[in-house]
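# Per-entry structural report
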Amino acid sequence: MNRPYEKNISGCGLIGLLNRDRRRVSGGVIVPGIRLLHDRTNGLGGGFAGYGIYPEYAELYAFHLMCDDAAAQIAAEEFLQAKFAVEQAEEIPTLKRHPGISNVPLLRRYFLAPKISPEELNGQTEEDWVIAQVMHVNAKIDGAFVFSSGKNMGAFKAVGYAEDVAEFFRLEEYEGYCWTAHGRFPTNTQAWWGGAHPFTLLDYSVVHNGEISSYGINRRYLEQYGYRCTLHTDTEVMVYLLDLLIRRHGLSIETACAALAAPFWRDIERAPEGEREVLRALRVTYGSALVNGPFAILFAHSGGMVGFNDRIKLRPMIAAEKGKTLYVASEEASIRQVEPDLDRVWMPKAGEPVIGCLEDART
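This write-up is about the structure you can find in this document. Since the structure is predicted, the reported quantities are computational estimates derived from the model, not experimental observations. (Residues numbered from 1 in each chain as written. Predicted model: local features only at pLDDT ≥ 70, side-chain atom pairs only at ≥ 80, totals over all residues. Heavy atoms only, no water.)

## Digging into the packing of aromatic side chains
We apply this condition: In summary, the pairing rule links any two rings of Phe, Tyr or Trp, Trp by its six-membered ring, whose centres are within 6.5 Å, and it sorts them by plane angle into stacked for under 30 degrees, edge-to-face for over 60 and tilted for everything else. Think of it as a cone above the ring: NZ of Lys or CZ of Arg counts as a charge over the ring if it is within 6 Å of the ring centre and within 35 degrees of the ring normal.
Scanning the entire structure with this criterion turns up 13 aromatic pairs. For the cation-ring pair, Arg344 lies above Trp346, with the distance from its terminal atom to the ring centre recorded as 3.7 Å.

Quick look at the structure:
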C-alpha cells in the first residue's frame with residue numbers, strides 16, 4: 001500500500017543536568033535519560049557535552065578534532081602547532097569497534113595555549129582570536145572540523161543512537177558537574193558526524209529539538225561579525241548567536257533569550273511600561289537575531305545550564321529539581337530515569353528560560 005510522505009515534526013530528544021554545587025558525576029549518569037528518548041530519534045545522530053571533565057588541563061583550550069583522512073589531520077595539526085603551544089595531543093579514547101557506530105573519522109584532541117602576544121591581538125580578545133582559528137580550520141582545511149573548543153569541557157558526538165555514542169566514546173570514564181545529551185531525528189539536513197549535536201564554540205554548547213526557519217537571515221547576520229556557518233545544519237547558528245549576544249555584546253542570559261525568542265509585537269504592547277521599552281529596543285536592535293520556528297534549546301556553559309522554548313512552545317520541554325541539581329528534558333519520564341524522586345517538576349512557559357547557575361558563578 002502506498003502511503004503519502006509523512007514528515008516527523010516533533011522528533012529529537014534532549015536532556016541535561018547541572019549540579020549547582022559543582023559535584024562531578026560520571027557521564028554514564030545521563031545515559032538512561034537519553035536512552036528512554038530512543039523512539040524520538042532515528043539513529044542519525046547522538047551526542048553529549050560534559051563540563052569539568054578535564055581538571056588537569058583546566059586552564060588550556062581542549063580542541064576535539066574530527067578528520068576525514070590522514071592528510072586532513074596533518075594539515076590541521078600543522079595549523080594548530082603554528083598558532084598554539086600544544087601541551088598534549090592524543091587520540092580521543094573510543095571503543096575500537098561498536099556495532100551501532102560506523103564510518104568513524106579520525107578523532108583527536110589537543111590541549112592548547114595560544115601563541116600570541118597582546119600586540120598581535122590587535123584589539124581582539126583572546127576568545128575572539130581562538131574562535132578565528134576554529135573558523136579557519138572548519139572553513140579552510142578540507143576534511144577537518146573542530147567540534148569542541150572550550151576549557152575543561154568537551155563534546156562527544158557521532159552518527160548513531162545516543163546510547164551507542166555514549167558507549168563508543170566511553171562516556172562513563174569521564175566525570176563532570178554538567179552533562180547534556182541529544183538524540184537526533186534530522187528532517188531538513190544531512191546526517192553526518194559534524195552535524196550531530198551538540199554544537200559548540202568555546203565553552204558554549206547547544207542541543208536542539210526543532211527547526212530554525214530563520215536560519216538564512218540569522219546566518220547572514222552572524223557573518224557580519226565574522227562567524228562562518230560550515231556544519232550544514234540550522235542549529236549551528238544558535239550557538240553563535242548566544243556567543244555574540246552574551247560574550248561579545250555583554251547581554252545577560254535572560255536578556256539574550258528575550259532577544260532570540262522575542263515576544264510578538266502585540267504582547268510587547270501589552271507589557272508594563274518599563275518592560276515594554278526594553279522589549280521594543282531588543283526587537284529593533286536584534287531583529288536579525290530573532291529565531292523563528294519551533295524549537296526547544298538546551299544551552300550549557302561553564303557557569304551553568306539554560307533551557308528555553310520558542311515563543312509559542314511548539315516543542316516540549318520539562319524542568320525539574322532534586323536538591324542542588326537542575327534537570328531539563330524533552331519528557332518528564334526521561335528525567336525520572338536519572339532521578340526518580342524529584343523535589344519539583346514544572347513546565348516552563350513559552351519563551352521563558354529556565355536558568356541554572358553554579359553557586360559560585362551566578363550570572
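Next, the rest of the story.
## Some remarks on the pattern of salt bridges
Pairs can form between side chains of opposite charge once their charged atoms are near each other. Which entries qualify depends on this criterion: In the sections that follow, a salt bridge refers to a side-chain nitrogen of Lys or Arg positioned within 4 Å of a carboxyl oxygen of Asp or Glu. Helix numbers and strand numbers start at the N terminus; a helix is a DSSP run of H or I with at least 4 residues, a strand a run of E with at least 2. Only protein chains enter the calculation, and the probe is 1.4 Å; a residue is then buried if its accessible area is under 20% of its type maximum, exposed if over 50%, and partly exposed in between.
Scanning the entire structure with this criterion turns up 18 salt bridges. Residue Asp243 pairs with Arg247 through a salt bridge whose shortest N-O separation is 2.6 Å. Of the two residues, Asp243 and Arg247 are both situated in helix α7 (residues 236–248); the distance of four residues between them amounts to about one turn of the helix. The exposure class of Asp243 is buried, given its relative accessible area of 0%. A salt bridge links Arg270 to Asp267; its shortest N-O distance comes to 3.4 Å. Within this pair, Arg270 and its partner Asp267 are both found in helix α9 (residues 265–270), separated by three residues, close to a single helical turn.

## Some points on the environment of Gly47
As a reminder of what qualifies: In this analysis, two residues are considered to be in contact whenever any of their non-hydrogen atoms come within 4.5 Å of each other.
Residue position: Gly47 is located in strand β3 (residues 46–51). For Gly47, a relative accessible area of 0% translates into the label buried. Note: C-alpha distance between Gly47 and Ala162 (115 residues apart in sequence) is 5.9 Å. Excluding residues within four positions of it along the chain, Gly47 makes contact with Phe156, Lys157, Val165, Thr180, Ala181, His182, His197 and Pro198.

## A word on the side chain of Asp203
How we decide: Polar contacts, as counted here, are pairs of nitrogen or oxygen atoms within 3.5 Å of one another; within protein the pair requires one atom able to donate a hydrogen and one able to accept it, and residues that are adjacent in sequence qualify only if both atoms are side-chain atoms.
Topologically, Asp203 is positioned in the loop between β11 (199–201) and β12 (204–210). Of note is the side chain of Asp203, whose polar atom sits 2.6 Å from the side chain of Ser302. Apart from the residues within four sequence positions on either side, Asp203 is in contact with Tyr51, Gly150, Met153, Ala300, His301 and Ser302.

## Some details on the sheet that holds strand β14 (residues 304–309)
Applied cut-off: Pairing between strands is defined by DSSP: at least two bridges between them are needed. Only the contacting stretch of a helix is used when fitting its axis, a line to C-alpha atoms as for every element, and angles between N-to-C directions run 0 to 180 degrees.
Taken together, the five strands give an open sheet; going across it, the order is β11-β12-β13-β14-β18, and neighbouring strands pair in antiparallel fashion. Of all strands in the sheet, those with a lone pairing partner are β11 and β18 (354–357), marking the two edges. For this sheet the average axis-to-axis angle between neighbouring strands, irrespective of direction, equals 15°. Direction of pairing for β11 relative to β12: antiparallel, over a ladder of three bridges. Looking at β12, one finds that Leu201 is bridged to Tyr204. Each of β11, β12, β13 (295–301) and β14 touches α7; the most contacted strand, β12, lies at about 135° to it.

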